Amino acid sequence: MARPPPMFCELSLLETMLTDGRINAAITAIAPDDPHIVEIPLYDEPFWVALSRDHSLAAEGEIEISGIARDDLLMLADGRCLRDQILSFYADQLAGMSPVSTQYTSLPTILTLVGTGAGITLVLAMSLAGGWVTDTGIALRWERSGLAWRSVRLVFRRTFPKHAMIERLADCIAAILPDTVQPERR
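So, here is what we can say about the structure in this document. (Residues numbered from 1 in each chain as written. Predicted model: local features only at pLDDT ≥ 70, side-chain atom pairs only at ≥ 80, totals over all residues. Heavy atoms only, no water.)

### Quick notes on the side chain of Glu15
Moving on, step 1. Considering the arrangement of structural elements, one finds Glu15 in helix α1 (residues 11-19).
Moving on, step 2. We note that Glu15 is buried and unpaired, the nearest opposite charge coming from Arg153 at a distance of 9.4 Å.
Moving on, step 3. A polar side-chain atom of Glu15 sits 2.6 Å from the main-chain amide nitrogen of Asp33.
Moving on, step 4. Non-local contacts of Glu15, meaning those with residues more than four positions away in its chain, are made with Pro32, Asp33, Asp34 and Ile37. (Helix = DSSP H or I, 4+ residues; strand = E, 2+ residues; numbered from the N terminus. Buried < 20%, exposed > 50% of the residue type's maximum accessible area, 1.4 Å probe, protein only. Lys, Arg positive; Asp, Glu negative; His and termini not counted. Salt bridge = Lys/Arg side-chain N within 4 Å of Asp/Glu carboxyl O. Polar contact = N/O pair within 3.5 Å; in protein donor to acceptor, adjacent residues only side chain to side chain. Contact = heavy atoms within 4.5 Å.)

Put into structure tokens, the structure is as follows:
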């Protein structure tokens, strides 16, 4: 039996939960479709290239996606938001390529493979704030094209009575963002 996509990727489910009052707010990288939902932009987040320190491309300061061999690109399995975002950035570059490896179900698995030299992946800038790269054999490089980024927003239903509280929450989030992302507010 096929696994359904994770709940956090289902914006329509989040929109339903927001509009019927089951949740008051959510943070998402997908723009809402429902006109009853308000969004507050929080930050723009670039993706970085993660590869083995021993990979030939690790000597470069920036890496172009077109320079990554199809067989080297590791991504999450179908139905995962991160996979879909990466494919959307590089639709033109990946159009002529055979399908990339999408058999992996967790980012830690992919990063372990990257650290051992089994491939290359893209990681979100927010994840760079942690120390997970230390002693993993992974090198991180800028993605050269500038196409690989996402906008993260705080969403809530228009009828939520505590708009000031949501604005304050957005300000608190902006105040603690790492320097790996571009805040929309200060």
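Now, onward.
### Let's talk about the environment of Glu143
Moving on, step 1. One can find Glu143 in strand β7 (residues 138-143).
Moving on, step 2. When the C-alpha atoms of Glu143 and Pro46 are compared, they prove to be 8.3 Å apart, with 97 residues separating the residues in sequence.
Moving on, step 3. Of the polar contacts made by the side chain of Glu143, one reaches the side chain of Ser145; its length is 2.8 Å.
Moving on, step 4. At 3.1 Å, the side chain of Glu143 forms a polar contact with the backbone nitrogen of Gly146.

### Notes on the pattern of salt bridges
Side-chain pairs of opposite charge can arise where the charged atoms are in close proximity.
Moving on, step 1. This structure, assessed with the given rule, holds 5 salt bridges.
Moving on, step 2. Of the charged contacts in the structure, one is a salt bridge between Arg22 and Asp20, with a shortest N-O distance of 3.1 Å.
Moving on, step 3. As a salt-bridge pair, Glu45 and Arg150 come within 3.0 Å of each other at their nearest N and O atoms. Taken together, the residues span a long stretch of sequence, with Glu45 in strand β2 (residues 37-52) and Arg150 in strand β8 (residues 149-157) at a distance of 105 residues.
Moving on, step 4. Salt bridges here are not isolated pairs; linked through shared partners, they connect Glu60, Glu62 and Arg144.

### Topic: the nonpolar core
Moving on, step 1. Core analysis: the biggest nonpolar cluster contains 25 residues, and Leu42, Ala50, Val123 and Leu140 have the highest contact counts within it.
Moving on, step 2. The set of elements that each furnish at least two residues to this core consists of β2, β4 (74-76), α4 (107-115), β7, β8 and α5 (163-175).
Moving on, step 3. Among the elements that make up this core, the one with the highest residue count is β2 (6 residues).
Moving on, step 4. Within the second largest apolar cluster, 16 residues are counted, among which are Leu51, Ile65, Leu73 and Leu122. (Core = buried A, V, L, I, M, F, W, Y, C linked by side-chain atoms within 4.5 Å.)

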